[in-house]
2 protein chains.
Amino acid sequence: MSKRPPITNRVRQLREEHGGLSQAALGDIVGVTRQTIIAIEQGRYSPSLETSFRIARHFGVGLEDVFGWEGD
Amino acid sequence: MSKRPPITNRVRQLREEHGGLSQAALGDIVGVTRQTIIAIEQGRYSPSLETSFRIARHFGVGLEDVFGWEGD
DNA sequence: GATCGATGTAAGATATTTTTTACATCAATG
DNA sequence: CATTGATGTAAAAAATATCTTACATCGATC
């Protein structure tokens, strides 16, 4: 069934702010595929904590600067 | 295959600090089973971002107050 | 206008998380 | 000492995340 998780994310925005890093390039860096980045940006599923940390740390920010909890 | 993720967590400690909340009770509250809480506490896998947020918010703290990235 | 890079969709396979069920131990307590 | 609540282990099944591959569109540029 897989619902849409109540989580927001700024991955796309952060990519743009970092020199227009492509989805494929970010995927390579954090160790997932381009498809995974697409799905995360589209909010199709909530990534693992590990992938989330890798993305945040690559941009040099905290987890909650990238991913937000709806209802906060 | 499933390696141990480079993530630390203070779930057990937070449970104790919150009146000795049991694993089963925490699981009920955040919507997962007792087995899932056990596995998370033991670091057997990295939970979904959604489960992580629910745990943190139940204790009234930020995600990174519960889960830490080794290598920070 | 052919090519190239970035993004998107989709489907089937694989990996990992989560559930379910069952049983074991230990501390506390009746 | 029987029971009860909390924790632990284990294994199979179910759910979900991730990968792989393939094809389509769009904007830029040669």
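In the annotation of an unreviewed UniProt entry, chain A is listed under the name Helix-turn-helix transcriptional regulator and assigned to Tsuneonella flava.

The next subject is the pattern of salt bridges. Side chains that carry opposite charge are capable of pairing whenever their charged atoms lie near each other. Summed over the entire model, instances satisfying the criterion amount to ten salt bridges over all chains. Here Asp-72 of chain A and Arg-57 of chain B are joined by a salt bridge, their closest N and O atoms 2.3 Å apart. A residue pair is termed interchain when its members come from two chains, as with Asp-72 of chain A in the segment after strand E2 (67-69) and Arg-57 of chain B in helix H4 (residues 49-58). By relative accessible area, Asp-72 of chain A is classed as exposed at 63%. The exposure class assigned to Arg-57 of chain B is partly exposed, which follows from its relative accessible area of 24%. One connected set of salt bridges, linked through shared partners, spans Arg-12, Arg-15 and Glu-41 of chain A.

In this structure the tally under the stated criterion is two aromatic pairs over all chains. Centre to centre, the rings of Phe-53 of chain A and Trp-69 of chain B are 5.3 Å apart; their planes meet at 20°, and the pair counts as stacked. With Phe-53 of chain A in helix H4 (residues 49-58) and Trp-69 of chain B in strand E2 (residues 67-69), this pair bridges two chains. Looking at Phe-53 of chain A, the relative accessible area reads 0%, which means it is buried.

Let us now look at helix H3 (residues 34-41) of chain B. Residue and element names in this part refer to chain B. Among the eight residues of H3, six are classified as buried, and the element is accordingly described as predominantly covered. The set of residues buried in H3 consists of Thr-36, Ile-37, Ile-38, Ala-39, Ile-40 and Glu-41. Against strand E1 (7-9), helix H1 (11-17), helix H2 (23-30), H4 and E2 lie the buried residues of H3.

How each quantity is defined
Residues numbered from 1 in each chain as written. Chains lettered and ligands numbered in written order. Predicted model: local features only at pLDDT ≥ 70, side-chain atom pairs only at ≥ 80, totals over all residues. Heavy atoms only, no water. Salt bridge = Lys/Arg side-chain N within 4 Å of Asp/Glu carboxyl O. Helix = DSSP H or I, 4+ residues; strand = E, 2+ residues; numbered from the N terminus. Buried < 20%, exposed > 50% of the residue type's maximum accessible area, 1.4 Å probe, protein only. Phe/Tyr/Trp six-rings, centres within 6.5 Å; stacked < 30°, edge-to-face > 60°. Contact = heavy atoms within 4.5 Å.

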